[in-house]
Amino acid sequence: MSTFEETIARDQRVEPGDEMPEAYRKTMIRQIAQHAHSEIIGMQPEGEWITRAPSLRRKAILLAKVQDEAGHGLYLYSAAETLGADRGDLTRRLIEGRQKYSSIFNYPTLSFADVGVIGWLVDGAAICNQVPLCRSSFGPYARAMIRICKEESFHQRQGYELLMTMMGGTPAQRDMVQDAVNRWWWPSLMMFGPPDDASPNSAQSMAWKIKRHSNDELRQRFVDMSVPQAEALGVTLPDPELAWNAGREHYDFGTPDWDELKRVISGDGPCNAERIARRRQADDDGAWVREAAQAFAAKRVPAP
Amino acid sequence: MINHEWPLFEVFVRAKRGLNHVHVGSLRAADHEMALHHARDLYTRRNEGVSIWVVRSDQVASSSAEDKQAFFEPSGDKVYRHPTYYTIPGSVPHI
Ligand SMILES: [Fe+2]
Ligand SMILES: [Fe+2]
């Protein structure tokens, strides 16, 4: 047994300087980078509402939330760099479409209720995914996840509170919430990835203890958590097949449109092009700042 | 194309008085001053610290994973460095 295999078998963490199979390193870099890209692209759908928030309180909250997502991206790029990946290179891969990010951020945010529903459902699904990743076998990734999970709870609660406020408002406001739930429910279920029998890389990730639960297990957990929350809020989840199954002690639910997930992942979602164009523009617009700061630093401290 | 990537810095945060600075992660910055500002924004958004150190990652020397054995083994057989090595009758107080 190699040191790496022993470390995994003993449920200890793999650390950056350790010897590890090349495939493990590559998988880890890819997963961390995709996760980082998701956090960074994830700032856009909600960021669009910062200037249109209905009150100063909501604006400050949304600003803090979006800033947290930037932070999550940076914790993760930091973790990827411990494996020899280069942050600038990862950003280029994202912009050139060579690396992916979560499908969920390719949907548009049509009303302010979307901000609430994203906090409740999208951050809620992210929490389901991320809590087990706090025990992921790669140390820097697991530690980044612990930090992230601590902050996600605020994200979910501010969203739910926003929705409760709107549900206590006018019929038009309640309709906005229901409309947003209708649009985000299925894409949220897709965040857990394809069904287990169509998820070929999962077995290896489970064996390496990068992943701790299967996609379908986590999806079920999310549905079970969300149904009572929807009831408390007074909204209907748009799934006629949703029903408590006393035998399984879980909710039964319908099948997400997996073709839609495939389309959105492969670049054909409602906002894919817009999201990448925006990221590219931010990178281009920031180039002179990076250069100027570097030139200024070089002037102040002569290179040794 | 010139590489305009900023250098990498390791960040250490003292969570509160009385505790050591602890490594929390890394970030990119043009210089130390910027690294401190970025570290504050990135790692202490919720009062997680009262003091921050940043150090350029390429200035950190590290024991290598390969000779981990040779490096740490010498302390392995020195059991007499631990208090439990010594047998003292239970009747002796405060020792
Ligand atoms: Fe996040
Ligand atoms: Fe979040």
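Residues numbered from 1 in each chain as written. Chains lettered and ligands numbered in written order. Predicted model: local features only at pLDDT ≥ 70, side-chain atom pairs only at ≥ 80, totals over all residues. Heavy atoms only, no water.

(A) Spatial organisation of the overall build of chain A. A count of helices and strands for chain A gives twelve helices and two strands. Across chain A, helices and strands are ordered from the amino to the carboxyl terminus as α-α-α-α-α-α-α-α-α-α-β-β-α-α. Evaluated residue by residue, chain A yields a buried proportion of 51% over its 304 residues. Taking the contacts inside chain A whose residues are at least 6 apart along the sequence as the reference set, 77% of them involve residues at least 24 apart. Distance between charge centroids for chain A: 6 Å, based on 37 positive and 42 negative side chains. (Helix = DSSP H or I, 4+ residues; strand = E, 2+ residues; numbered from the N terminus. Buried < 20%, exposed > 50% of the residue type's maximum accessible area, 1.4 Å probe, protein only. Contact = heavy atoms within 4.5 Å. Lys, Arg positive; Asp, Glu negative; His and termini not counted. Charge placed at Lys NZ, Arg CZ, Asp CG, Glu CD.)

(B) Broad picture of the coordination of the iron ion (ligand 2). Residues and elements named next belong to chain A. Coordination of the iron ion (ligand 2) by the protein involves Glu69 (OE), Asp123 (OD), Glu152 (OE) and His155 (ND1), with metal-donor separations of 2.0 to 2.2 Å. For the iron ion (ligand 2), the four donor atoms in the first shell make angles of 83 to 171° at the metal, a pattern classed as irregular. Going along the chain, you hit the donors of the iron ion (ligand 2) in the pattern E-x53-D-x28-E-x2-H. The metal-metal distance between the iron ion (ligand 2) and the iron ion (ligand 1) comes to 3.3 Å, with Glu69 coordinating both. In this pair, Glu69 sits in helix 4 (residues 56-81) while His155 sits in helix 7 (residues 139-167), placing the two residues 86 residues apart along the sequence. Across the pair, exposure class does not vary: Glu69 and His155 are buried alike. (Donors = N, O, S within 2.8 Å, 3.2 Å for Na, K, Ca; no water. Tetrahedral: all angles 85-135°; square planar, octahedral: opposite > 155°, others 65-115°.)

(C) Highlighting the coordination of the iron ion (ligand 1). Residues and elements named next belong to chain A. Protein coordination at the iron ion (ligand 1) comes from Glu39 (OE), Glu69 (OE), His72 (ND1) and Glu152 (OE), with a distance range of 2.1 to 2.5 Å. Considering all four donor atoms around the iron ion (ligand 1), the spread of angles at the metal, 83 to 152°, places the coordination shape in the irregular class. Every donor residue of the iron ion (ligand 1) comes from the same chain, spaced as E-x29-E-x2-H-x79-E.

(D) Broad picture of unusual backbone geometry. Here A:Lys209, not a glycine, exhibits a phi torsion of approximately 60°, which is positive. Locating A:Lys209 in the fold gives a position in the loop between helix 9 (202-207) and helix 10 (215-233). By relative accessible area, A:Lys209 is classed as partly exposed at 22%. The phi dihedral of B:His94 falls on the positive side, at around 55°, and the residue is not glycine. Looking at the element boundaries, B:His94 is found in the segment after helix 2 (68-72).

(E) Representation of the environment of A:Glu217 within the structure. Residue and element names in this part refer to chain A. Relative to the helices and strands, Glu217 resides in helix 10. On the basis of relative accessible area, Glu217 is assigned to the partly exposed category, the value being 41%. A polar contact is formed between the side chain of Glu217 and the side chain of His213, at a distance of 3.1 Å. (Polar contact = N/O pair within 3.5 Å; in protein donor to acceptor, adjacent residues only side chain to side chain.)

(F) Inspection of the interface of chain B and chain A at higher detail. Contacts between the two partners involve 20 residues from chain B, matched on the other side by 23 residues from chain A. In this assembly, chain B and chain A are joined by eight salt bridges. Residue B:Asp31 is joined to A:Arg300 by a salt bridge in which the shortest nitrogen-to-oxygen separation is 3.0 Å. Counting across the chain B and chain A interface gives 13 residue pairs in polar contact (both at pLDDT 80 or more). Sorting the residues of the side of chain B that touches chain A by element identifies strand 2 (21-28) and helix 1 (32-43) of chain B as the ones contributing at least two each. Ranked by residues supplied to the side of chain B that touches chain A, first place goes to strand 2 of chain B with five residues. (Salt bridge = Lys/Arg side-chain N within 4 Å of Asp/Glu carboxyl O.)

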